[in-house]
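# Inside the fold
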Amino acid sequence: MAVGLVLGIGVSTSILYLFTSSLISRLGKTADRARAIALGKPIPPVEYGLDEIADLDRALANAAARLKEIRQRESAILDGVGDLILSLDSRLRIKTIGETCERHWGFSKEILLGRSVLTLLDPDYREEFRSAFERIAETELDGRLETSISRADGSPGVFLWSINWSASKRHYFCIARDISEARRIERLRQYFLSMAGHDLRSPLTAVSMDLQMIAAGIRGPLPAEFATEVEEMDRKLAKLIGFVNELLDLEKLEAHRMPLSLSAVSAGSVCESALENLSSSMEQSGSSIRLPEDDLLLLADEAKLEKGLEGLFSSCTRMARGESVLEVRLDRLEDKGMISVRVPGLHVPHNEREAIFNKLRSASPGTDPDRAASPGLGLAIARAVAIMHGGEATMTDGSTLSLTFPLYEGDDDDSLQGQTEHRERVE
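Keep in mind that what you see is a predicted model, and the values were worked out from it rather than measured. (Residues numbered from 1 in each chain as written. Predicted model: local features only at pLDDT ≥ 70, side-chain atom pairs only at ≥ 80, totals over all residues. Heavy atoms only, no water.)

### Description of the side chain of Thr-404
On the secondary structure map, Thr-404 appears in strand E12 (residues 400-406). In this structure Thr-404 comes out as buried when scored by relative accessible area, which is 7%. Of the polar contacts made by the side chain of Thr-404, one reaches the backbone nitrogen of Glu-392; its length is 2.9 Å. With residues up to four places along the chain from it excluded, the contact list for Thr-404 reads Gly-337, Met-338, Ala-386, Gly-391 and Glu-392. (Helix = DSSP H or I, 4+ residues; strand = E, 2+ residues; numbered from the N terminus. Buried < 20%, exposed > 50% of the residue type's maximum accessible area, 1.4 Å probe, protein only. Polar contact = N/O pair within 3.5 Å; in protein donor to acceptor, adjacent residues only side chain to side chain. Contact = heavy atoms within 4.5 Å.)

### Regarding a negative patch on the surface
A cluster of acidic residues, Glu-272, Glu-276, Glu-293, Asp-294 and Asp-295, forms a negative patch at the surface. Relative to the assigned elements, Asp-294 resides in the loop between strand E7 (288-290) and strand E8 (297-300). (Patch = residues over 30% accessible without salt bridge, like charges linked within 9 Å, V, L, I, M, F, W, Y side chains within 5 Å. Areas by Shrake-Rupley, 256 points an atom, 1.4 Å probe, with all protein chains shown as cover. Salt bridge = Lys/Arg side-chain N within 4 Å of Asp/Glu carboxyl O. Lys, Arg positive; Asp, Glu negative; His and termini not counted. Charge placed at Lys NZ, Arg CZ, Asp CG, Glu CD.)

### Digging into the side chain of Lys-109
Relative to the assigned elements, Lys-109 resides in helix H4 (residues 109-112). Within the buried set, Lys-109 has no salt-bridge partner at all; the shortest N-O distance to an opposite charge, 4.1 Å, is to Glu-99.

### Observations concerning the environment of Glu-276
Mapped onto the elements of the fold, Glu-276 is located in helix H8 (residues 267-277). Considering only alpha carbons, one finds Glu-276 and Glu-310, 34 residues apart in sequence, at a separation of 9.4 Å.

### Observations regarding the packing of aromatic side chains
Under the defined criterion, the tally for this structure stands at seven aromatic pairs. Both rings, one in Trp-105 and one in Phe-159, keep their centres 6.0 Å apart while their planes meet at 85°; by these two values the pair is edge-to-face. Here Trp-105, found in helix H3 (residues 101-105), pairs with Phe-159, found in strand E4 (residues 156-166); they are 54 residues apart in sequence, far enough to count as distant. For the ring pair Phe-133 and Tyr-172, a centre distance of 5.0 Å and an interplane angle of 80° mean the geometry is edge-to-face. Taken together, the positions of Phe-133 in helix H5 (residues 126-139) and Tyr-172 in strand E5 (residues 171-178) put the pair 39 residues apart, joining distant regions of the chain. For the residue pair Phe-133 and Tyr-172, the accessibility class agrees, reading buried in each case. The rings of Trp-105, Phe-129, Phe-133, Phe-159, Trp-161, Trp-165 and Tyr-172 are connected pair by pair, giving a single aromatic cluster. Directly above the ring of Phe-107 sits Arg-115, whose terminal nitrogen or CZ lies 5.0 Å from the centroid. The ring of Phe-357 is capped by Arg-383, whose NZ or CZ atom sits 4.4 Å from the centre of that ring. (Phe/Tyr/Trp six-rings, centres within 6.5 Å; stacked < 30°, edge-to-face > 60°. Lys NZ or Arg CZ within 6 Å of the ring centre and 35° of its normal.)

Here is the structure:
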C-alpha cells in the first residue's frame, strides 16, 4: 500500500507538472501573440484546441486580422492624400506618418518614426512651436499653425498645420499642408504690386499736372468744347492716382513699415473725421452713413484708425445698392471695441465672407453683380489697420462688416504696454 501510495503521488505529481508546463507554455505563446499584435508584427499560427486558452488564441487571431485590415486602410488614407497626415505624442514625437513624408520633407517614414518633430524646425522657433501645441492641449480646441520645416536637402518648406488634440489617447492628430509655393507666389505678387505702384505714381502725377495746366490755360487757350473733357480726364486720373496711393499705403501697412503712435482715441470722433474726408465720394454714390450717438475710447493710432475707417466706409458705400443709408454701430466686447457697418441689400455667402477682404478680389460677392460694385482696396486697408492694433476684421451676417480695436483701459499704461508687445511680435 505504501508503494502504491508513493507511485500514485508520483504519477499525480508528474501529470500535474506536465499539465502546468503545457498551460504555462500555451499562456506564454498567447502573451507573445498579444505582444506581436500590439507591435504590428505577424503572429504564429493558432493551435487547435477546445478549451478557453484555444478560444482566446482564436480571438487574438481574429483581432490581429482585423487590426491588419484597419492599418492597411489607414496607410492607404495617409499615403493617398496630397497633404501630410501624422500623429504626435505629448512630447511631439512622431508616432504615425504617411509615405508622402518623403515627397514633402525628403525623409523616409522609417527615419521619422519616433523622432521629435522639433528637430526639423529652426532652433529659434522650436519653443514657439511647442508652446502652440501645449496651448491646444490645454484648451482642447483645434488649432492652426504656420511654420517652416527644414527638408532633408536643407531647403526650407512652409507648412500650414491643422492640429487636433485627443485627451484620451494623449496624441496630437495633425495635417501638414505644403504652402511653400503659395507663399512664394504671394511674395512675387507683393513685389509686383509694390513695383507697379511706385512706377505708376510718378508718370500719373506728371500727366495730372499737365492736364491741370491745360485746363487753367497755361499751355494756351483751351477751346470751350474740350474743357469739359479735360476736366473729366483729370477727375478719372485723380481717381486712378488715389487707387495707386491706396495700393502703396496697403503695401506699407501689410509690411508693418508704418509705426504706431498709440493714445486714447474717441471712436465716434474718428468716424466723423473719416466721413468728412469721404464727403465728395459719398455725394456721388448717393448713399449716406448714419453715425451712432454713443462712443468708445480706443487705444489706437488716430491717423491709422482714420485711414482704416475711410477704407471701411468707402468700400461699404461702393457695395451699397442704390441710395442706401448705412448704419454704424459701436459695441464693447470685453477688452475690445467693435466698429460695425451694416450695408442694406448686401448678402455675401458664408463661404465668401473671408475673401471679401482680399485686396486682389476683382468683383463683389453680392447676389446681384450688376448692381453691387467691387469693394476695392478699402476693406483690405481696414483689415491691415485692425491687425496692426491687435484686432481683426470680420463679416458676420453677410451684410455687416466689423473692425475690432483694443479699448483704452485708463492711465496705468497696461493697455499701452500690451499693444507695444503685440506690435513687436508682429514685426
